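Structural description and commentary
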Amino acid sequence: NAGVTQTPKFQVLKTGQSMTLQCAQDMNHNSMYWYRQDPGMGLRLIYYSASEGTTDKGEVPNGYNVSRLNKREFSLRLESAAPSQTSVYFCASRGVQETQYFGPGTRLLVL
Amino acid sequence: GNSVTQMEGPVTLSEEAFLTINCTYTATGYPSLFWYVQYPGEGLQLLLKATKADDKGSNKGFEATYRKETTSFHLEKGSVQVSDSAVYFCALSLAGGYQKVTFGIGTKLQVIP
């Protein structure tokens with residue numbers, strides 16, 4: 001039981017490049033989330049998916065897209081990376097209880 | 001809207017000192033309250049939670065009591081260890097829908113031997 005996994009762990013991009021952050025959970029959870037973590041700002045919700053086949057915007061969705069591929073997987077795509085997207089990205093999932101389970105994070109640097 | 005307020009720190013304590021990290025919240029309705037902990041290089045993990053007023057959450061020697069009258073959920077530990085060095089996030093969640101969680105900015109704790 002791996003919980004929530006994320007790939008890659010680290011990534012360096014140049015401005016304008018695209019990439020997809022992958023997330024998978026093996027806890028059969030319905031809800032999944034993408035957050036970004038920046039110094040002094042805590043965690044901010046980018047997108048979430050309440051169930052397979054549905055996605056909705058969070059607080060800071062601009063510049064991102066998501067895909068809920070199936071119940072296990074929820075990916076985050078940056079179509080044209082900008083330096084303002086330098087951050088640590090966390091994926092999380094939640095089952096019937098209120099607790100969220102987080103992945104180890106992806107550290108992204110956009111030059 | 002909903003919000004969580006906590007000091008950013010860092011809070012620096014000597015080993016075996018008493019810890020308090022304050023957390024206050026603003027919410028419409030009756031939220032559940034959480035403390036999450038983030039160890040260096042890792043994701044967040046639940047430390048403790050309380051779902052209604054006057055509930056006390058506890059885990060690993062940490063405690064927090066849901067105080068509705070003061071809208072607070074302060075984290076306490078009687079004797080901290082070096083291994084407690086981490087960032088602590090207070091958070092709230094309202095029932096219904098997708099249960100959006102509102103996080104505080106996180107308080108960094110450094111425990112020195």
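Now for a quick tour of the structure. Every value quoted in this text rests on a predicted model; they were computed, and no experiment measured them.

**What about the overall build of chain A?**
The secondary structure content of chain A amounts to zero helices and 11 strands. Each helix and strand of chain A, ordered N terminal to C terminal, gives the series β-β-β-β-β-β-β-β-β-β-β. Compactness check: chain A gives a C-alpha radius of gyration of 13 Å against a globular reference of 13 Å for 111 residues, within 12% of the reference. Within chain A, the proportion of its 111 residues that are buried is 49%. Look at the contacts in chain A between residues 6 or more apart in sequence, and 53% of them connect residues 24 or more apart. Accessible surface, chain A: about 5100 Å² in total, of which carbon and sulfur atoms supply 50%. Counting 11 positive and 8 negative side-chain charges, chain A places the averaged centre of each group 6 Å from the other.

**Focus on the packing of aromatic side chains**
The tally for this structure, following the rule as stated, stands at 12 aromatic pairs over all chains. Ring geometry for F90 of chain A versus F102 of chain A: centroids 6.5 Å apart, planes at 80°, classification edge-to-face. Taken together, the residues F90 of chain A in strand 9 (residues 87-94) and F102 of chain A in strand 10 (residues 100-102) connect sequence positions 12 residues apart. In terms of burial, F90 of chain A and F102 of chain A fall into one category: buried. Relative to F103 of chain B, the ring of F102 of chain A lies with its centre 6.1 Å away and its plane at 75°, an arrangement referred to as edge-to-face. Residue F102 of chain A is found in strand 10, and its partner F103 of chain B is found in strand 11 (residues 101-103); the two belong to separate chains. Cluster of aromatic residues (ring-pair linked, three or more members): Y33, Y35, F90 and F102 of chain A together with F34, Y36, F89 and F103 of chain B.

**Observations regarding the sheet that holds strand 9 (residues 75-77) of chain B**
All names here are of chain B. Sheet architecture is open: four strands sit in the order 3-9-8-7, paired in antiparallel fashion. The open sheet has two edge strands with one neighbour each: strand 3 (19-21) and strand 7 (56-59). Pairwise comparison of adjacent strand axes, ignoring direction, gives a mean angle of 15° for this sheet. Direction of pairing for strand 3 relative to strand 9: antiparallel, over a ladder of three bridges. Within strand 9, the position partnered with T20 by the bridge is E76.

**What about the interface of chain A and chain B?**
Interfaces are often described in size by the accessible area the parts lose on coming together. Every contact between the two is made by 22 residues of chain A and, on the other side, 22 residues of chain B. Summing both sides of the interface, chain A and chain B together bury roughly 1700 Å²; the carbon and sulfur share of this comes to 53%. Among the residues chain A hides against chain B, the three largest losses belong to L43, E98 and F102 of chain A. Together they make up 32% of the total. Put simply, chain A and chain B have zero salt bridges between them. Joining chain A to chain B, the criterion identifies four residue pairs in polar contact (both at pLDDT 80 or more). Those elements that provide at least two residues to the side of chain A that touches chain B are strand 4 (31-38), strand 5 (42-49), strand 9 and strand 10 of chain A. Split into classes, the residues belonging to the side of chain A that touches chain B amount to 11 nonpolar, seven polar and four charged.

Calculation notes
Residues numbered from 1 in each chain as written. Chains lettered and ligands numbered in written order. Predicted model: local features only at pLDDT ≥ 70, side-chain atom pairs only at ≥ 80, totals over all residues. Heavy atoms only, no water. Helix = DSSP H or I, 4+ residues; strand = E, 2+ residues; numbered from the N terminus. Rg over C-alpha atoms; globule rule 2.2 N^0.38 Å. Buried < 20%, exposed > 50% of the residue type's maximum accessible area, 1.4 Å probe, protein only. Contact = heavy atoms within 4.5 Å. Areas by Shrake-Rupley, 256 points an atom, 1.4 Å probe, with all protein chains shown as cover. Lys, Arg positive; Asp, Glu negative; His and termini not counted. Charge placed at Lys NZ, Arg CZ, Asp CG, Glu CD. Phe/Tyr/Trp six-rings, centres within 6.5 Å; stacked < 30°, edge-to-face > 60°. Pairing = 2+ DSSP bridges. Axes fitted to C-alpha atoms, helices over the stretch in contact; angles between N-to-C directions. Buried area = accessible area lost by both parts, 1.4 Å probe. Salt bridge = Lys/Arg side-chain N within 4 Å of Asp/Glu carboxyl O. Polar contact = N/O pair within 3.5 Å; in protein donor to acceptor, adjacent residues only side chain to side chain. Nonpolar A, V, L, I, M, F, W, Y, C, P; charged D, E, K, R; others polar.

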